[in-house]
Amino acid sequence: MNITKLKNILFTLVLFFGISFTNTVDANSSLSSAQLALIENSVNKMGINQLNSRMLELQDEKEILEEEQGSTQSPSVNKGIAQRLAEINAELSAIQKALVAIVGVGAISALTSDGYNDNIPPVITILGDNPATVELGSTYTDAGATAFDAFHGITSVSSSGVVDTGTVGSYTITYVATDLDGNSATSSRTVNVVDTTAPVISVTGANPATVELGATYDDAGATATDASGAVTVVSSGTVDTDNVGTYTISYSSTDASGNEGTASRTVNVTDTVAPVFTSPSTYVVDEGATAVGTVTATDLADIIFTLSGSDMLAITSAGVLTFINPADYEAQSENPVNLPYDGSTYDITATVTATDASDNAAQQEITVSIRDVGGIDDNTETGTGTNTSTATEGTTETDTATSTAGTGTATDSTDTGTGTATDSTDTGTGTGTGTATDSTDTGTGTGTGTGTGTGTGTGTGTGT
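Residues numbered from 1 in each chain as written. Predicted model: local features only at pLDDT ≥ 70, side-chain atom pairs only at ≥ 80, totals over all residues. Heavy atoms only, no water.

Enquirer: Outline the overall build of the protein chain, supporting the account with residue identities and numerical values.
Expert: Within the protein chain one finds four helices and 30 strands. Counting only contacts in the protein chain whose residues sit at least 6 apart along the sequence, the fraction spanning at least 24 positions is 65%. Looking at the protein chain as shown, the accessible area adds up to about 23,700 Å², and 51% of this sits on carbon and sulfur atoms. (Helix = DSSP H or I, 4+ residues; strand = E, 2+ residues; numbered from the N terminus. Contact = heavy atoms within 4.5 Å. Areas by Shrake-Rupley, 256 points an atom, 1.4 Å probe, with all protein chains shown as cover.)

Enquirer: Requested: an account of the packing of aromatic side chains, with residues and values cited.
Expert: Under the criterion given, the structure shown has one aromatic pair. Summarising the aromatic geometry, the rings of F277 and F305 are spaced 6.5 Å apart at their centres and angled 50 degrees between planes, so their arrangement reads as tilted. In this pair, F277 sits in strand β14 (residues 276-277) while F305 sits in strand β18 (residues 303-308), placing the two residues 28 residues apart along the sequence. The pair formed by F277 and F305 is uniform in burial state, with each residue classed as buried. (Phe/Tyr/Trp six-rings, centres within 6.5 Å; stacked < 30°, edge-to-face > 60°. Buried < 20%, exposed > 50% of the residue type's maximum accessible area, 1.4 Å probe, protein only.)

Enquirer: Provide a residue-level description of helix α2 (residues 33-44), including the pertinent values.
Expert: The α-helix advances 3.6 residues per turn, and as a result positions three or four apart in sequence lie on the same side. The first and last C-alpha atoms of α2 sit 16 Å apart over twelve residues, in line with the 16 Å expected at 1.5 Å per residue. Taken as a whole, α2 has its buried residues at L36, I39 and V43. The buried residues of α2 occupy an angular sector of 65 degrees when projected down its axis, which confines them to one face. Across α2 from its buried face, at more than 90 degrees, point the exposed residues S33, A34, L38 and N44. (Expected span 1.5 Å × (residues − 1). Arc of directions from axis to C-beta.)

Enquirer: Which residues make up the sheet that holds strand β13 (residues 260-270), and what values do they have?
Expert: A sheet is described by the order of its strands in space; here four strands give the open sequence β9-β13-β12-β11, paired in mixed fashion. Taken across any chain shown, the strands that pair with only one partner, and hence form the sheet edges, are β9 (209-212) and β11 (234-236). Across the sheet, the mean angle separating the axes of adjacent strands is 25 degrees when strand polarity is ignored. Two strands pair when backbone bridges link them, and β11 and strand β12 (residues 245-254) are joined in this way by three bridges, in the antiparallel orientation. The residue bridging S235 from the neighbouring strand is Y251, located in β12. (Pairing = 2+ DSSP bridges. Axes fitted to C-alpha atoms, helices over the stretch in contact; angles between N-to-C directions.)

Enquirer: Kindly report on the environment of L307, identifying the contributing residues and their values.
Expert: Here L307 lies in strand β18. A relative accessible area of 22% means that L307 is categorised as partly exposed. Distance in space between the C-alpha atoms of L307 and Q363 is 9.5 Å, their sequence separation being 56 residues. Residue contacts for L307: discarding those within four places in its chain leaves L313, I315, L321, A350, T351, V352 and I366.

Enquirer: Go over the environment of P199 with me, naming the residues and quoting the values.
Expert: Here P199 is to be found in the loop between β7 (184-194) and β8 (200-203). A relative accessible area of 6% places P199 in the buried class. Placed 55 residues apart in sequence, P199 and T254 show a C-alpha to C-alpha distance of 6.8 Å. With residues up to four places along the chain from it excluded, the contact list for P199 reads A224, T225, D226, V231, S253, T254, D255, N259, E260 and G261.

Enquirer: Give a detailed account of the pairing of strand β20 (residues 320-323), specifying residues and quantitative values.
Expert: By the alternation rule, side chains of β20 split into L321 and F323, which are all buried, and V320 and T322, of which none is buried. As paired strands, strand β16 (residues 291-294) and β20 are joined by three bridges and run antiparallel to one another. Following the sheet pairing, A291 is matched in β20 by T322. Relative to β20, strand β19 (residues 313-315) runs antiparallel, the two sharing three bridges. Note that in β20 the partner of L313 across the bridge is F323. The antiparallel pairing of β19 with β20 creates a hairpin that spans four residues between the two strands, and G319 there sits at a positive phi of about 105 degrees.

Enquirer: Give a detailed account of the nonpolar core, specifying residues and quantitative values.
Expert: If you look at the biggest cluster of nonpolar residues, it comprises 25 residues, and the most contacted ones within it are V43, L51, M55, I95 and L99. Taken together, the elements giving at least two residues each to this core come down to α2, α3 (48-71) and α4 (75-104). Ranked by the residues each element gives to this core, the list is headed by α4, at eleven residues. Y283, V292, V295 and A354 belong to the second-largest nonpolar core, a separate cluster that totals 24 residues. (Core = buried A, V, L, I, M, F, W, Y, C linked by side-chain atoms within 4.5 Å.)

Enquirer: Account for the sheet that holds β20, naming residues and giving values.
Expert: Read across the sheet, three strands follow the order β16-β20-β19 without closing on themselves; strand pairing throughout is antiparallel. Strands at the two margins of the open sheet, each flanked by one partner only, are β16 and β19. Between one strand axis and the next, the sheet turns by 20 degrees as a mean value, whatever way the strands run.

Enquirer: Would you mind going over unusual backbone geometry in detail, with residue names and values included?
Expert: The residue after N130, namely P131, is reached through a cis peptide bond having omega 5 degrees. As for its position among the elements, P131 is in the loop between β1 (123-126) and β2 (132-135). At the junction of N207 and P208, the peptide bond is cis and its omega measures out at 10 degrees in the coordinates. Inspection of the secondary structure puts P208 in the loop between β8 and β9. In this model, D359 sits at a positive phi of 70 degrees, which is unusual for a non-glycine residue.

Enquirer: Please set out α3 residue by residue, giving values where relevant.
Expert: Spanning 24 residues, α3 covers 35 Å between terminal C-alpha atoms, matching the ideal 34 Å at 1.5 Å per step. Along α3, the residues that are buried comprise I48, L51, N52, M55, L58, Q59, K62, L65, E66 and Q69.

Enquirer: Report on the confidence of the model for the protein chain, specifying residues and quantitative values.
Expert: Confidence in the prediction for the protein chain averages 78 pLDDT; 70% of positions are at 70 or higher. Under a pLDDT of 50 for its full length, residues 1-29 has, in the predicted model, 44 contacts with residues more than four places off or in other chains. A low-confidence stretch, residues 105-116 (pLDDT under 50), is modelled with 13 contacts involving residues beyond four sequence positions or located in other chains. (pLDDT = per-residue confidence, 0-100.)

So, in structure tokens, the structure goes:
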């Protein structure tokens, strides 16, 4: 190589050093300042031949490490390789700086045309992560690489390789730099397309969903999407529509990379329907009764019955309706003598409420009718009556005897009295009628009788 050519190389190196060495050091910023200082101190002790020899060794080691880096997926191994590559790049940069310094201080005489042979390839620095990782389905933009040649300065870099981000796998981007003397350097970056994203599940229909107690529940299902393509959804869980409560339907979907996506739906089984009465709203009982009947209603849940509006009636939670005290027809009036005894009833009204377990309530107005039995004379009372009787003695004469009714005791609604004939020689019988106003009133009656012979006459009177 002639001196002119060497001077041109020197000019290029000096120019490049002022522009790019800082960038080269920045590319190795993973090293501490102490490590960089140690590398530069070691390089500065080398002569030009040692520098050239060391550069070749480092380039060979770098090529081996980059091939290993592209073939392993171990994070720990890759971390060690990345650290060593940073050290190599730092030392190569220091060597380039030292060569420029040597040539710049007049060591050109050491490089004669007979002894100079440019067989040193450029040094390639890969920018960004190596290996690089990109998510399946995303866009990959390569960070590129730079190259610097010890004798020719900045050297252009070409790259080749394709990364298919639609398919999981490892891809290689290859970088090539060739200096003006035909020396080529090759380096590569591994790009791993990975799938770490789980499928996205969309629950179809209402969530939470509501279904009425006793109805049929049909789940609307769910769908899922994933960057890897079509995926299926599996569901689990049951809904018991016979019992009010909250239930969960779970959905899951797993893609080809083992990523699982999950989602769930809440289903509330509710009871909003009130009980429906099935028993009549009217009941008829005789006075003196205590049992009335049983109130019934239908509902899918348990029912509790309550009663309001009457202090004479009571009801159990199961619906059994009774009088608190025996039914009393005469209780409807303070003056029972004025009551009609014509088959009419004493009607009592009340409100029955049926409440289910979900507090849904329905009401029914009921009427309980008390019938009279025997009229007012069904109570103990007394009465008097007047009877007349006619007696006939023998076949030839007819005497008339008048009898006066005695006292009688009411055992039912019929009063009975007895009377004595005024003609002591005649006998006769008579029947009379009387009216009682209450259990202590007396009644009067008139009766007629016929008799034959001598004797006393008696009469019987009946009063209502």
